[in-house]
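This is what each chain is made of:
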Amino acid sequence: MDSPAAFDVKIESPGGEGYDMRTIDWRDDRIVAIDQTRLPHEVEFLEIDTVEDLIAAIRSLAIRGAPAIGVAGALGVALAARRHPEPAELRAAVDALRAARPTAVNLAWGVDRVRARLDAEGTEAALDEALAVLAEDVRCCRELSERGARWLVETVGPQVAVQTHCNAGALATVEWGTALGVVRSLQEHGALTHVYASETRPLLQGARLTVWELAQIGVPHTLVVDSAAASVLAQGRVDAVVVGADRITANGDVINKVGTYPLALAAARAGVPMVVAAPESTVDLATPSGADVHIEVRDPEEITALGAVALAPKGTGTLNYAFDVTPADLVTAIVTERRVILPAAGGRPDDPISRS
Ligand SMILES: CSC[C@H]1O[C@H](OP(=O)(O)O)[C@H](O)[C@@H]1O
């Protein structure tokens, strides 16, 4: 595939002060991670010494984002092996970690991968495997981002405006990002014009995290409320929607932050490609379709209050889905570190040829 001339341009993407820090890492025999509940006002790090504290951090979204919680799961098994030598205690701690959040396949994938190494070769091997998972995330995000940027330049042209949802940036991974990784690669190639970010109620990952990241890297951006995202597309302001994923099932259905499905409907109506950027660790070939995925339902207070301020009458009933399912026929492209799958055109993640 000849590289389009535009793609051969390479410019230094400005990183903001301290932006290149890692979202999650292993230092001095413990897990160190940015507390994302404090952003964008403060950059604070958690130093996690126990599995209980790690589970709490994942459940509160202090540590969040499918790839990042996959790495947290992997490091968490290594931590558990060091803190719980007694087999029954260790098993209970690892099982509780695996169940911390149900929807992103990466958490179970990271836990299972390191648990297998622990069972086979012991505590130090478990840490080696966890550190390998961490390093792979860095590599995979860079590779999928480059692949996604190249696909966009070839498909929509040399200058690309993007609409994204939630946060699938460096904060959702170890350090580079998936959807925002594609944005950064477009920026590096001089092919990015603008990013529209939706705020992503109720926890505002778009307004608090994505906008913060885009400012750090000097990307021109506009924040919109979730319900305006469809109008942004209808007005022809963007060339592609690019989002992350929490789980991609064997038939190409994409489970991602709630609000992704309506965005895909609006993209189809506007004739704009719907692009999902995710590592292969998010592809779950053991689950046939989105109908088989447990969608996390979260605390009503996340909807009915903003901190101490009530946004709805006390006792208001809610349906606080954390994710939704975008059917494969609305997904133009899934970009991983190894391949581009075209579900809307009939491509499937479980296709033996493209999996090879
Ligand atoms: C790079 S995938 C990030 C993915 O995870 C987010 O969910 P949450 O903030 O609840 O962890 C959202 O679905 C993002 O697309």
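The paragraphs below set out a description of the structure included in this document. Please read these numbers as outputs of a predicted model, since none were measured by experiment.

### Re the site of the ligand
Phase 1 of the analysis: Residues in contact with the ligand amount to 17 residues; listed here are only the nearest, R64, R101, D246, N256 and K257.
Phase 2 of the analysis: R101 places a side-chain nitrogen or oxygen 2.8 Å from an oxygen atom of the ligand.
Phase 3 of the analysis: The separation between an oxygen atom of the ligand and a polar side-chain atom of D246 is 2.5 Å.
Phase 4 of the analysis: Protein contact buries 100% of the 400 Å² of open area that the ligand shows by itself.
Phase 5 of the analysis: For the shell around the ligand, the elements supplying multiple residues, two or more each, are α3 (66–83) and β9 (254–257).
Phase 6 of the analysis: Grouping the constituent residues of the shell around the ligand by class yields eight nonpolar, five polar and four charged.

### Overview of the packing of aromatic side chains
Phase 1 of the analysis: Applying the stated rule across the entire model yields zero aromatic pairs.
Phase 2 of the analysis: Over the ring of W176 we find R142, and its NZ or CZ is 3.7 Å from the ring centre.
Phase 3 of the analysis: The aromatic ring of F323 is capped on one face by K257, whose charged end is 4.1 Å from the ring centroid.

### Describing the nonpolar core
Phase 1 of the analysis: Counting residues in each nonpolar core, the largest one holds 40 residues, and the members touching the most others are I24, I31, L54, I58, I63, L75 and L97.
Phase 2 of the analysis: The set of elements that each furnish at least two residues to this core consists of β1 (24–27), β2 (30–34), α2 (51–59), α3, α4 (87–98), α5 (105–121) and α6 (123–156).
Phase 3 of the analysis: A per-element tally of this core places α3 first, with eleven residues.
Phase 4 of the analysis: Apart from the residues within four sequence positions on either side, I24 is in contact with I31, V32, A33, I63, A68, V71, A72, L75, L134 and V174.
Phase 5 of the analysis: If you look at the next biggest cluster of nonpolar residues, it comprises 26 residues, including A149, L214, I217 and A277.

### Focus: the sheet that holds strand β7 (residues 240–243)
Phase 1 of the analysis: Overall, mixed pairing links the seven strands, which are arranged β6-β5-β4-β7-β10-β15-β16 in an open sheet. Two strands in the sheet have a free side with no partner beyond their single neighbour: β6 (221–224) and β16 (340–341).
Phase 2 of the analysis: Of the pairings in the sheet, the one linking strand β10 (residues 274–277) to strand β15 (residues 333–335) comprises three bridges and is parallel in character. Bridging from a neighbouring strand, V275 pairs with A333 of β15.
Phase 3 of the analysis: Here helix α8 (residues 205–216) sits on the sheet and contacts β4 (160–165), β5 (192–198) and β6; the angle it forms with β6, its principal contact strand, is near 175 degrees.
Phase 4 of the analysis: The strands touched by helix α10 (residues 260–270) within the sheet are β4, β7 and β10, with β7 carrying the most contacts at an inclination of about 160 degrees.

About the criteria used
Residues numbered from 1 in each chain as written. Predicted model: local features only at pLDDT ≥ 70, side-chain atom pairs only at ≥ 80, totals over all residues. Heavy atoms only, no water. Near = heavy atom within 4 Å. Polar contact = N/O pair within 3.5 Å; in protein donor to acceptor, adjacent residues only side chain to side chain. Areas by Shrake-Rupley, 256 points an atom, 1.4 Å probe, with all protein chains shown as cover. Helix = DSSP H or I, 4+ residues; strand = E, 2+ residues; numbered from the N terminus. Nonpolar A, V, L, I, M, F, W, Y, C, P; charged D, E, K, R; others polar. Phe/Tyr/Trp six-rings, centres within 6.5 Å; stacked < 30°, edge-to-face > 60°. Lys NZ or Arg CZ within 6 Å of the ring centre and 35° of its normal. Core = buried A, V, L, I, M, F, W, Y, C linked by side-chain atoms within 4.5 Å. Buried < 20%, exposed > 50% of the residue type's maximum accessible area, 1.4 Å probe, protein only. Contact = heavy atoms within 4.5 Å. Pairing = 2+ DSSP bridges. Axes fitted to C-alpha atoms, helices over the stretch in contact; angles between N-to-C directions.

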